Every structure is written in C-alpha cells, then in structure tokens.
Number of protein chains: 2
Amino acid sequence: MDQVAPAAPPEFSARQNDVLEVALRLLVEGGDKALTTAGIARAANCSKESLYKWFGDRDGLLAAMITYQSSKVRAAAGPGARPGREAFRGLLVTFAEDLLTVLSGDVSLALNRLAIGEAGRTEARLGGLVLKAGRRPIEARARSLLEAGRAAGHLAFTDTGDAYHTLYGLIVRDLHVRLLLGDSPDPAERNVPARAATAIDQFLRLHGADEKNAKGPGGDTGPA
Amino acid sequence: MDQVAPAAPPEFSARQNDVLEVALRLLVEGGDKALTTAGIARAANCSKESLYKWFGDRDGLLAAMITYQSSKVRAAAGPGARPGREAFRGLLVTFAEDLLTVLSGDVSLALNRLAIGEAGRTEARLGGLVLKAGRRPIEARARSLLEAGRAAGHLAFTDTGDAYHTLYGLIVRDLHVRLLLGDSPDPAERNVPARAATAIDQFLRLHGADEKNAKGPGGDTGPA
DNA sequence: CAAGCGGTGTACCGTACGGTACGGTTCCCG
DNA sequence: CGGGAACCGTACCGTACGGTACACCGCTTG
C-alpha cells in the first residue's frame, strides 16, 4: 500500500524549495481555493510546465508542500542523559510549548485544513501524509521523552501510547480543532507558556511517580 | 417549534429535510467534491432551481445541512436534582460517551471536514456555524454538568471553562483530528465506554473534591 | 561559436461546476 | 372547472481550473 514512494528521498532543489515556499504563502493567505497551478506559477515566476515536471500533478505538489514544511519543523532531539526531576519537568514543558506553537502556526493550520478537506474522498493520501510526516515525529519525540522519564523514575505508566495521548489531550485540548475551524481563542488560551505549564502540572498529577503517586497511576484500564 | 431560535428560525419543510438528508449522505459518501448541486438535485429528485430557491446558494445549502444535522443531535438535558457521587460520575461518563460517539460519527466528521476545508478562506462562515450550532450546545451541557457537580460537592475547580477544556482534552485527546485526517485508530481507541471511563477517572483525579483532593485542585494557574 | 538543455511565458483544450432559464406537469384553491 | 403556484427535468451559459503544447531565452559545455 505504501509502495508509492518507497525509497524516493523527497529532496528538492533550491529553486523548487522557493516554489514550495511561495505555494505555502499562497495557501496560508488564500486557502486552498487560492492554490491554483497558474497562481503558483505566476507568483513564483515559473512555468506551469515546470511545476508538472517537478511534482507530477497537483497532488504531488501538495504532498511536496507537506513534506517540505514538516522537514522544516523537525522536532528537537530527545534528552541525552537522565535528567533530574525539575529538569525533566522542564523538558515536558518545552515539549508542550513546542507542540502548541507548531499546531497554532499559520502554515501548519493551512496544511492541516488542506489535508482534512481532502480526506473523506476516496483515495486521499494527504491526510495520511500529514499524519506520517507531521505528527509521527512529534509523537516519537514525546514517547522517547516519556520513557526516559519513566526510566529516571519520574513517571509511572504502563502503556506509552496511552500516556502520550493523555499528555497530548491535556496540552492541546480542543484548541487545535477550534483553530482549524477558524475560531479565535481568548487571550488566556493563547498564552502558550502558561498553558504548557498547567498541562504538565496536570499530567504529572496523573502520571508522576515522585510523591504519593508512586502507589499506582491507575491511568490504564486494560480492556483485553 | 420547541426551541425558538434567536434570529432566523432554521425550520425546513419535510421535503427540504429530505433533500438535506440526501445531501448529507452524498457528503459522507464522497466528500465535498461529490457535493455538487447537480448531484444533489439528481439524487434527491428535485431540480437545481428548487435548491437555489430554498437555500439561496451553495453556501446556504451547506449551512442548512449543518443546522439541520446539529438539530438532530441536540444534546440531552442536564441533571435535574443533586446526584450522588456515583450517579454524578455516571453522568460524566455518559457525557464522555456521547461526545466520543458524536465526534466519531460519519456525518459529524464529514461536516467538520467541510467547514475546516472552507475555513482559512476570507469570509468563511461555515466554521463559525459548526462552532456555534455543533459545539456550543455540547459545551453548555458540560458546563452545567460540571457546575452541578461542584455544587453537589463532587468537584473542585475555579474556572468552569478551564475545567471543561480539561475534561474535553482527556476525553477526546487527538482522536478527533486523527479521524478528520482519515486515520483509522486502533481498536482500543474505538472502545468508547472504556475510553470514557478512563477519561472520567483521570478527570476526577484532577478535579474530584471527594477524597484527599479536597485540599486543592491546583489545576489553575492564574496568569493575570 | 554552435549545440543542447533546462526553464519561462503564453496560448490552448477539455471538463466540470455554480447558477439561470424554460417548458411541462402536478396539485391546490377559489 | 379553471387559474396559478410550486416544482421537476433538462438544457444552457460563463467561468475557472488542471493539464499539455509550443515558441522563445539564457546558460553551460564541448
């Protein structure tokens, strides 16, 4: 199923990167309706023929935009050594801040809107691409962070994926969907550091292993 | 007739409801690309002229679909009297199950995809309509539920909206966005009752007022 | 210098959609 | 019974988009 591009490195030339940048700008400014091949060619001073030569078709161009953007937002690496408790909490807060910042970004929102709008139709691969190129790296970073925290004795959980989803929910809540729908959240919700700190506090109250929580997190119901 | 809409009563005739039903089916089956006026007219055995007479233009039709669908999913009313602790927990679990069920529904996903895809363009009102007609009633139900729980001494929180957002995040996590992107969650995440129960357990560990949590929830950082 | 390659700009084609107009039919109401 | 309103089915129009073809240009390279 994923034999589409098994070993094709999605590396683009500088010229193509420029074109992708222009396309992203157009998408952010005008939505998917403004993202026409003619419009991109005009704004990027290139020919439509070059667009099709480079990216195949419109969907290939869209996919290239996603991979290009996600390559720019490569998540920072995980922790090297075993951090202390406060340092580990700081790592979690940093992750939360990064997550909120990325998800609130104009380009991220525009690309997610594009992929979501395209999903639901038969054979829409943009959604899967966003999932794979955009979200999986973030999840991988969080998972390694969580497991490092558990190994260092700061966290208690059984299923890493479950803990990650809980962390994600506490950080993001319904903010992402509301932003995708065009809502303008109140200023308190825009305060990324405060929101991140609160979310991590809550997460540590659920899965922290330091204080009295050591008895058992109780966060898992094993339905199988 | 049972609920008096503030400004414009979005009441449609039975025939128009049938048309909206067909349109929703087309949208669910084929995505927004399959939702053409000609297609709706053909599938609903009506004329395009009637569509425009009834709904104005395509956007009016889309808006009618949203209000029609949300009117069908009117959230159940809140609790009447002061429930006991276990009964209140049951109310929370029921709310969580309803929320997960609604958000995972085909029609809800399709309409959210439509509105999200349309958002980002200048003057896109569908997103705001989904927010208003679809999410606000759910939030209102949750808020009244939360405040009833606090009044009954089962919950401790200062800001209702904040508590609601935490509850929402614990219940929904990133499931909604993943579904919107076309992801197929693993079967464990499809187990609505188990997920709801876990989420409510976690929420009560953060905001429950019964046991040792009575000392202080600590869930609020007041930045201002 | 000449050949060739990659790229630009533009013109072009087919298609598909939103929206409108029109003839024919049904059904209600006076 | 007759008039008219609502509506269906379809044909039609303008537009705009994806995708292709082509002529021209500049730069590299032998």
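Structure: above.
For the structure given in this document, a descriptive report is provided here.

Definitions and cut-offs
- Residues numbered from 1 in each chain as written.
- Chains lettered and ligands numbered in written order.
- Predicted model: local features only at pLDDT ≥ 70, side-chain atom pairs only at ≥ 80, totals over all residues.
- Heavy atoms only, no water.
- Near = heavy atom within 4 Å.
- Polar contact = N/O pair within 3.5 Å; in protein donor to acceptor, adjacent residues only side chain to side chain.
- Helix = DSSP H or I, 4+ residues; strand = E, 2+ residues; numbered from the N terminus.
- Nonpolar A, V, L, I, M, F, W, Y, C, P; charged D, E, K, R; others polar.
- Axes fitted to C-alpha atoms, helices over the stretch in contact; angles between N-to-C directions.
- Left-handed = near helix turned anticlockwise from the far one by under 90°.
- Contact = heavy atoms within 4.5 Å.
- Buried area = accessible area lost by both parts, 1.4 Å probe.
- Salt bridge = Lys/Arg side-chain N within 4 Å of Asp/Glu carboxyl O.
- Least-squares fit on C-alpha atoms with pLDDT ≥ 70 in both.

1. Comments concerning the protein's contact with DNA strand C
A:Arg15, A:Ser50, B:Lys48, B:Glu49 and B:Arg58 are the nearest of the 15 residues found near DNA strand C. Among the atoms of DNA strand C close to the protein, meaning within 4 Å, 53% are from sugar or phosphate groups. Interatomic distance of 2.8 Å between a side-chain N/O atom of A:Ser50 and a phosphate oxygen of DNA strand C. In this structure, B:Arg58 approaches DNA strand C through a side-chain N or O atom, which is 2.5 Å from a phosphate oxygen. Where the surface near DNA strand C is concerned, the elements lending two or more residues are α3 (48-55) of chain A together with α3 (48-55) of chain B. Broken down by class, the residue content of the surface near DNA strand C amounts to four nonpolar, five polar and six charged.

2. Looking at the packing of helix α4 (residues 58-72) of chain A against helix α6 (residues 106-118) of chain A
Two quantities define a packed helix pair, namely the angle between the axes and the distance from one axis to the other. Residues and elements named next belong to chain A. Taken N-terminus to C-terminus, the directions of α4 and α6 make an angle of 140 degrees; their axes are 11 Å apart at the nearest point. Of the two possible hands of crossing, α4 and α6 adopt the one that is left-handed. Judged by residue contacts, Asp59, Leu62, Met65, Ile66 and Gln69 of α4 engage Val107, Leu111, Leu114 and Glu118 from α6.

3. A closer look at the interface of chain A and chain B
The accessible area lost on association of the parts is a frequent measure of interface size. Between chain A and chain B, the residue contacts involve 48 residues of the former and 48 residues of the latter. Interface of chain A and chain B: buried area, both sides summed, is about 4,200 Å²; carbon and sulfur atoms make up 57% of it. Counting across the chain A and chain B interface gives six salt bridges. With a closest N to O distance of 3.6 Å, A:Asp174 and B:Arg135 form a salt bridge. At the surface where chain A touches chain B, the tally comes to 13 residue pairs in polar contact (both at pLDDT 80 or more). In the side of chain A that touches chain B, the residues fall into 14 nonpolar, 19 polar and 15 charged.

4. Considerations on the relation of the copies chain A and chain B
Overlaying chain A with chain B gives an RMSD of 0.1 Å, the required rotation being 180 degrees about an axis along which the chain moves by 0.0 Å. The superposition operator between the copies reduces to a two-fold rotation axis. Interface residue correspondence from chain A to chain B reaches 100%, placing this contact among same-surface, isologous pairings.

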